[in-house]
Amino acid sequence: MEITQTFYDEMATQYEQLFQDWQATTREQAAILQRLFAERGFDQTARILDCACGIGTQAIGLASCGYPVTGSDISEKELEQARERAAESGVRIRLERADFRALEKIFPEQFEIVIAMDNALPHMLSSQDLETAVRSIVGRVKPGGIFVASIRDYDSLLTSKPPYSPPYIHQTGGGQRVSFQTWQWEGEHYQLTQYIISDEEALRISKFVCEYRAVRREELTDLLLAAGCRNAVWKFPEETGFYQPIVVAAK
């Protein structure tokens, strides 16, 4: 996980620049997740653990909706950003540094809902690490609770292995900001290089490097069922409005 921690530590203060309006995104994604929770019978009394919370994109949005939210992440720099942003948003969130392969070391309790959004699970670079992470995460879900995660549509991406993702171009008050990724594939693994280019004041080019393993939906479904989930249902962007496929697994 060292490359992952370094990636997010280095990008923490610039992560917000991946969005046109980060605060608006927190509200939009919270609304999407709230609909998924309501479909399974959960209201704002459900305790939530965001075990890959980053700078708080989902955690802060959900806390603003009234849920009791706990967040954890492997990147202390991103947690620092999450603490500052939670304070600015006027919400209280417990934030802890934790590797989601060993959540029980930090959280002896269980939660009605655990989430891991934004392609967090494919940071596990081996099937063994992914299995360990899934077992750890499902172990923090109360019986009758749910685990919600999103990953890229690797079932499609593995057929073409594209060398880059389309750029996002955001117009700002002072100029424009462009972000895009290049992907260098080796089997089911790929090195991702994130570029952020801004000319808002002076030209600034930032570059961050990480690695992922492309996880097919069937592999993740099988691991969730083996870890103790009763079922795992996949929902797609055209249904949810979220930009990645989402799995909802009931324990």
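Residues numbered from 1 in each chain as written. Predicted model: local features only at pLDDT ≥ 70, side-chain atom pairs only at ≥ 80, totals over all residues. Heavy atoms only, no water.

Asker: What should I look at first to understand the overall build of the protein chain in this one?
Answerer: Counting its secondary structure elements, the protein chain contains 8 helices and 11 strands. Taken over the C-alpha trace, the protein chain has a radius of gyration of 17 Å; the compact-globule value for 251 residues is 18 Å, and the two agree within 12%. Projected onto its principal axes, the C-alpha coordinates of the protein chain cover approximately 55 × 45 × 35 Å. Burial analysis of the protein chain (251 residues in total) assigns 54% to the buried set. In the protein chain, the share of contacts with a sequence separation of at least 24, taken over all contacts with a separation of at least 6, comes to 64%. Counting 26 positive and 36 negative side-chain charges, the protein chain places the centres of these two groups 4 Å from one another. (Helix = DSSP H or I, 4+ residues; strand = E, 2+ residues; numbered from the N terminus. Rg over C-alpha atoms; globule rule 2.2 N^0.38 Å. Buried < 20%, exposed > 50% of the residue type's maximum accessible area, 1.4 Å probe, protein only. Contact = heavy atoms within 4.5 Å. Lys, Arg positive; Asp, Glu negative; His and termini not counted. Charge placed at Lys NZ, Arg CZ, Asp CG, Glu CD.)

Asker: Mind showing me how you'd approach the nonpolar core here?
Answerer: As a rule of thumb, nonpolar side chains are buried together in soluble globular proteins. Residues F37, F100, V148 and L224 are the most contacted members of the largest nonpolar core, which totals 82 residues. For this core, the leading source of residues is helix 2 (residues 22-39), giving 6 residues. (Core = buried A, V, L, I, M, F, W, Y, C linked by side-chain atoms within 4.5 Å.)

Asker: What should I look at first to understand the environment of L223 in this one?
Answerer: Along the polypeptide, L223 turns up in helix 7 (residues 217-226). Under the relative-accessibility criterion, L223 is labelled buried at 16%. Separated by 92 residues in sequence, L223 and E131 place their C-alpha atoms 6.2 Å apart.

Asker: I tried to follow the sheet that holds strand 9 (residues 204-213) on my own but got confused; where do I start?
Answerer: Within a sheet, neighbouring strands are paired by backbone hydrogen bonds and run either parallel or antiparallel to one another. As summarised here, the arrangement of the 4 strands in space is 6-7-8-9, forming an open sheet in which the pairing is antiparallel. Single-partner strands in this sheet number two, and they are strand 6 (168-172) and strand 9. Across the sheet, the mean angle separating the axes of adjacent strands is 15° when strand polarity is ignored. (Pairing = 2+ DSSP bridges. Axes fitted to C-alpha atoms, helices over the stretch in contact; angles between N-to-C directions.)

Asker: What is the right way to read helix 7 from this model?
Answerer: Each turn of an α-helix holds 3.6 residues, which means side chains three or four residues apart point in the same direction. For helix 7, the complete set of buried residues consists of R217, L220, T221, L223 and L224. Along helix 7, the residues classed as buried sweep out an arc of 165° about the axis, all on the same side. (Arc of directions from axis to C-beta.)

Asker: Help me understand the packing of helix 2 against helix 3 (residues 57-64), please; the structure alone is not making it clear to me.
Answerer: When two helices pack together, their arrangement is given by the angle between the helix axes and the distance between those axes. At a minimum axis separation of 8 Å, helix 2 and helix 3 run at an interaxial angle of 70°. It follows from the interaxial angle that helix 2 and helix 3 lie roughly perpendicular. Along this stretch, helix 2 crosses helix 3, giving a crossing that reads as right-handed. Mapping the contact onto sequence places W22, T25, T26, Q29, A30, L33 and F37 in helix 2 and T57, Q58, I60, G61 and L62 in helix 3. (Parallel < 35°, antiparallel > 145°, perpendicular 65-115°, else oblique. Left-handed = near helix turned anticlockwise from the far one by under 90°.)

Asker: I would appreciate a short explanation of the state of the cysteines in the present structure.
Answerer: Linking two cysteines covalently through their sulfur atoms gives a disulfide. Inspection of every chain in the model, using the stated rule, returns 0 disulfides. This cysteine, C51, is not joined by any disulfide, and C53 carries the nearest cysteine sulfur, 9.1 Å off. Residue C51 is classed as buried on the basis of its relative accessible area of 1%. You can call C53 buried: its relative accessible area is 3%. (Disulfide = S-S within 2.5 Å.)

Asker: Got a minute to help me understand the pairing of strand 3 (residues 94-97) in this structure?
Answerer: The sheet contact formed by strand 2 (residues 69-73) and strand 3 spans 4 bridges and is parallel. Looking at strand 3, one finds that G71 is bridged to L95.

Asker: For this particular structure, what's the right way to read the pattern of salt bridges?
Answerer: Oppositely charged side chains may form a pair once their charged atoms are brought near each other. Taken as a whole and assessed by the stated rule, the structure comprises 16 salt bridges. For R177, the salt bridge goes to E200, with nearest N and O atoms at 3.5 Å. Note that R177 is positioned in strand 7 (residues 175-186) and E200 in the loop between strand 8 (189-198) and strand 9, a separation of 23 residues in sequence. Judged by its relative accessible area of 8%, R177 is buried. Looking at E200, the relative accessible area reads 29%, which means it is partly exposed. (Salt bridge = Lys/Arg side-chain N within 4 Å of Asp/Glu carboxyl O.)

Asker: Help me understand helix 5 (residues 127-139), please; the structure alone is not making it clear to me.
Answerer: Compared with an ideal rise of 1.5 Å per residue, which puts 13 residues at 18 Å, helix 5 spans 18 Å between its outermost C-alpha atoms and is within 8% of the ideal. Every buried residue belonging to helix 5 is among L130, A133, V134, S136, I137 and V138, and all of these are buried. (Expected span 1.5 Å × (residues − 1).)

Interpretation note: all reported values are geometric properties and have no functional meaning in isolation.
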